[in-house]
Amino acid sequence: MSRKRIIAGNWKMNKTPSEAKALCETLIPLVGNDDVEVVFCVPAIDIVPVVEAVKGTNIGVGAENLYIEDSGAYTGEISADMILDAGAKYVIIGHSERREYFKEDDEFLNKKVKKAIEKGLVPILCCGESLEQREKGVTIDWIRLQIKSDLDGVSAADAKKVVIAYEPIWAIGTGKTATSDQAEEVCAAIRACLAEIYDQETADAIRIQYGGSMNASNAAELLSKPNIDGGLIGGASLKADFGQIVNA
Ligand code: PGA
């Protein structure tokens, strides 16, 4: 089963619209690789200028969040239809920063996953353990719980559209990357969990990314692992390194 690699940048709360356009100009010549699905997940206000800037390239655009309702009195939120109409096709769901700072729990994230799928957006569903959980030896149990809750009620056919990002919280923005063996162990456990929920064929079709201080020097080693199909890149997605990761 060959899964197309997917390298996604998570710009987080960085880049104004004009800075976003300039960053696209820098990155576009560096990320041309037809074997890889390349995605820029950007702040909501940058979606329109980034979609415009990457027109005619292999780059897809994603949002970093969405709300579970279609429209209405939800001040400050953005809907799946808005994201799609702006020209984006992906959406990050359940990043650990959303879980921690904005108290998004698995029940709510499950609704977001379903809304994204219903509307035709590709969810990039994040999961990951804290350092405390890793030290206690409960990493795999915790990740399995997240995956099962976040995909609750999602059919096998729909689950194949989801991209899962394994991002150990202790590795995000810290410069402390999981070793390729640590990352592979959890990504393999995620695939086993998907095979349990669905079946092996479905599990083999779902792409699993690693994220957490992935950079130009460690990407090739992480991406050489059989269950790691790509990366979700924070800090390094804002510089030329992103091109090196895409081509790693
Ligand atoms: P990082 O962030 O690459 O800066 O560690 C990854 C992420 O949070 O998606």
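For the structure itself, look to the data block above.
What you see is a predicted model, and the numbers here were worked out from it, not measured in a lab. Counting of residues starts from 1 at the beginning of each chain's written sequence and follows it residue by residue. Local features in this predicted model are restricted to residues of pLDDT 70 or higher, and side-chain atom pairs are both shown and tallied only at a pLDDT of 80 or more, whereas totals for entire chains, interfaces and linings draw on every residue. The side-chain quantities take in all heavy atoms of the structure and omit both hydrogens and water.

**Looking at helix 9 (residues 180–197)**
What sets the pattern is the α-helix's 3.6 residues per turn: residues three or four places apart point alike.
Alright, step 1. Where helices and strands are cited, they refer to DSSP runs of H or I of at least four residues and of E of at least two residues respectively, numbered from the N terminus. Expected helix span is given by 1.5 Å per residue-to-residue step, counting one fewer step than there are residues. The end-to-end C-alpha distance of helix 9, which contains 18 residues, comes to 25 Å, matching closely the 26 Å that a straight helix rising 1.5 Å per residue would cover.
Alright, step 2. We call a residue buried when its accessible area falls under 20% of the maximum for its residue type, exposed when it is over 50%, and partly exposed in between, using a 1.4 Å probe and counting protein chains only. Within helix 9, the full set of buried residues consists of S180, A183, E184, V186, C187, A189, I190, R191, C193, L194 and A195.

**Notes on the layout of surface pockets**
Alright, step 1. In this structure, the largest pocket occupies an estimated 490 Å³ of space.
Alright, step 2. Along the walls of the largest pocket sit 19 residues, with K12, P43, E64, N65 and R98 positioned nearest its centre.
Alright, step 3. Ranked by the residues each element gives to the lining of the largest pocket, the list is headed by helix 4 (residues 96–101), at 3 residues.
Alright, step 4. Its residues placed into classes, the lining of the largest pocket shows 10 nonpolar, 4 polar and 5 charged.
Alright, step 5. Roughly 180 Å³ of volume is contained in the second largest pocket.
Alright, step 6. Around the second largest pocket, the lining is made up of 16 residues, and of these G173, S213, G234, G235 and A236 lie nearest the centre.
Alright, step 7. Residue classes follow a fixed rule: Ala, Val, Leu, Ile, Met, Phe, Trp, Tyr, Cys and Pro count as nonpolar, while Asp, Glu, Lys and Arg count as charged, and any other residue, Gly among them, counts as polar. A breakdown of the residues in the lining of the second largest pocket according to their chemical character gives 5 nonpolar, 8 polar and 3 charged. Here a cavity denotes grid points, spaced 1 Å and computed from the protein atoms alone, that fit a 1.4 Å probe unable to get out, and a pocket denotes an open set having protein on both sides within 12 Å along at least 5 of 7 lines; residues with an atom within 4 Å of a point are the lining. Grid points are joined across faces, edges and corners, and a volume is the space filled by probe spheres set on the points.

**Description of the packing of aromatic side chains**
Each aromatic ring pair is described using two quantities: the centre-to-centre distance and the angle formed by the ring planes.
Alright, step 1. Working definition: rings of Phe, Tyr and Trp (its six-membered ring) pair if their centres are within 6.5 Å, and the pair is stacked with planes under 30 degrees apart, edge-to-face with planes over 60 apart, and tilted otherwise. Inspection of the entire model under this criterion finds 5 aromatic pairs.
Alright, step 2. On the numbers, 5.0 Å between centres and 40° between planes, the contact of Y67 with Y74 is tilted.
Alright, step 3. The class of Y67 is buried, set by a relative accessible area of 18%.
Alright, step 4. On the basis of relative accessibility, which here comes to 34%, the residue Y74 falls in the partly exposed class.
Alright, step 5. Both a distance and an angle decide whether a charge sits over a ring: NZ of Lys or CZ of Arg must be within 6 Å of the ring centre and within 35 degrees of the ring normal. For the cation-ring pair, R98 lies above F102, with the distance from its terminal atom to the ring centre recorded as 4.0 Å.

**Regarding the packing of helix 7 (residues 139–150) against helix 9**
Alright, step 1. In this analysis, axes come from line fits to C-alpha atoms, helices being fitted only over the stretch in contact, and the angle between any two N-to-C directions falls in the range 0 to 180 degrees. Contact pair helix 7 / helix 9: the axes reach a minimum separation of 10 Å and the direction vectors enclose 45°. Here helix 9 runs oblique to helix 7, going by the angle between their axes. Crossing of helix 7 against helix 9: the hand is right-handed. Contact residues: helix 7 offers T139, I140, I143, R144, I147 and K148, while helix 9 offers E185, V186, A189, I190, C193, L194, E196 and I197.
Alright, step 2. Of the residues contributing to the contact of helix 7 with helix 9, the split by class is 9 nonpolar, 1 polar and 4 charged. For classification purposes, an angle smaller than 35 degrees is called roughly parallel, one larger than 145 roughly antiparallel, one from 65 to 115 roughly perpendicular, and anything else oblique. Each crossing gets its hand from how the near helix is turned against the far one by less than a right angle, where anticlockwise is left-handed and clockwise is right-handed. It only takes one pair of heavy atoms within 4.5 Å for two residues to be counted as in contact.

Keep in mind these numbers describe shape, not what the thing actually does.
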